[in-house]
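Results of the structural survey
In case you want the letters, here they are:
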Amino acid sequence: MADLKKQFEQAVADSKSLPEKPDNMTLLKIYALYKQASSGDVDGKRPGFTDMVGRAKWDAWNEAKGKDSKVAMQEYVDLIESLK
């Protein structure tokens, strides 16, 4: 677990300096995996129609609901590695 946590933290740092900005769908996947790995399942109410960005983020995170944090961490690491 310690190795995975280190890899995850390194991937978070690496995500800030990717060679090119990922498309919006990939960014949402990165966000959702990060939130699932660090905070667990989504909570709170879904944002309303006026908050389109917040709503998209909530929906993406909600799709990862039930995923184990270790699995989410590994998927996050793999995704960031594939974008380098």
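Worth saying up front: this structure is predicted, and the values here are computed from it rather than measured. (Residues numbered from 1 in each chain as written. Predicted model: local features only at pLDDT ≥ 70, side-chain atom pairs only at ≥ 80, totals over all residues. Heavy atoms only, no water.)

We now examine the overall build of the protein chain. Per the secondary structure count, the protein chain includes four helices and zero strands. The secondary structure elements of the protein chain, listed N-terminal to C-terminal, are α-α-α-α. Along the first, second and third principal axes, the C-alpha atoms of the protein chain reach 40 × 30 × 15 Å. Looking at the 84 residues of the protein chain, the share that counts as buried comes to 32%. Pairs at least 24 residues apart make up 74% of the contacts formed inside the protein chain by residues separated by at least 6 positions. Treating the 14 positive side-chain charges of the protein chain as one cloud and the 14 negative ones as another, the clouds have centres 5 Å apart. (Helix = DSSP H or I, 4+ residues; strand = E, 2+ residues; numbered from the N terminus. Buried < 20%, exposed > 50% of the residue type's maximum accessible area, 1.4 Å probe, protein only. Contact = heavy atoms within 4.5 Å. Lys, Arg positive; Asp, Glu negative; His and termini not counted. Charge placed at Lys NZ, Arg CZ, Asp CG, Glu CD.)

Take the side chain of R55 next. Note on placement: R55 falls in helix α3 (residues 52-63). Residues in contact with R55, not counting those within four places in the same chain, are R46, P47, G48 and F49.

Between helix α1 (residues 2-15) and helix α4 (residues 69-83), whose axes approach to 9 Å, the crossing angle comes to 40°. Judged on the interaxial angle alone, α4 and α1 are oblique. Once α1 is placed against α4, the crossing between them reads as left-handed. Counting all contacts with α1, which are made through L4, K5, Q7, F8, A11, V12, D14 and S15, the residues of α4 involved are K70, M73, Q74, Y76, V77, I80 and E81. Per-class residue counts for the contact of α1 with α4 are eight nonpolar, three polar and four charged. (Axes fitted to C-alpha atoms, helices over the stretch in contact; angles between N-to-C directions. Parallel < 35°, antiparallel > 145°, perpendicular 65-115°, else oblique. Left-handed = near helix turned anticlockwise from the far one by under 90°. Nonpolar A, V, L, I, M, F, W, Y, C, P; charged D, E, K, R; others polar.)

Next up on the list: helix α2 (residues 24-39). Taking 1.5 Å of rise per residue, the 16 residues of α2 would be expected to cover 22 Å, and the 22 Å separating its terminal C-alpha atoms lies within 8% of that figure. Its buried side turned inward, α2 meets α1, α3 and α4. The backbone nitrogen of M25 has a side-chain oxygen 3.0 Å away, supplied by the residue at the start of α2, namely D23. Looking one or two residues past α2, G40 carries a phi angle of roughly 85°, positive in sign. (Expected span 1.5 Å × (residues − 1). Polar contact = N/O pair within 3.5 Å; in protein donor to acceptor, adjacent residues only side chain to side chain.)

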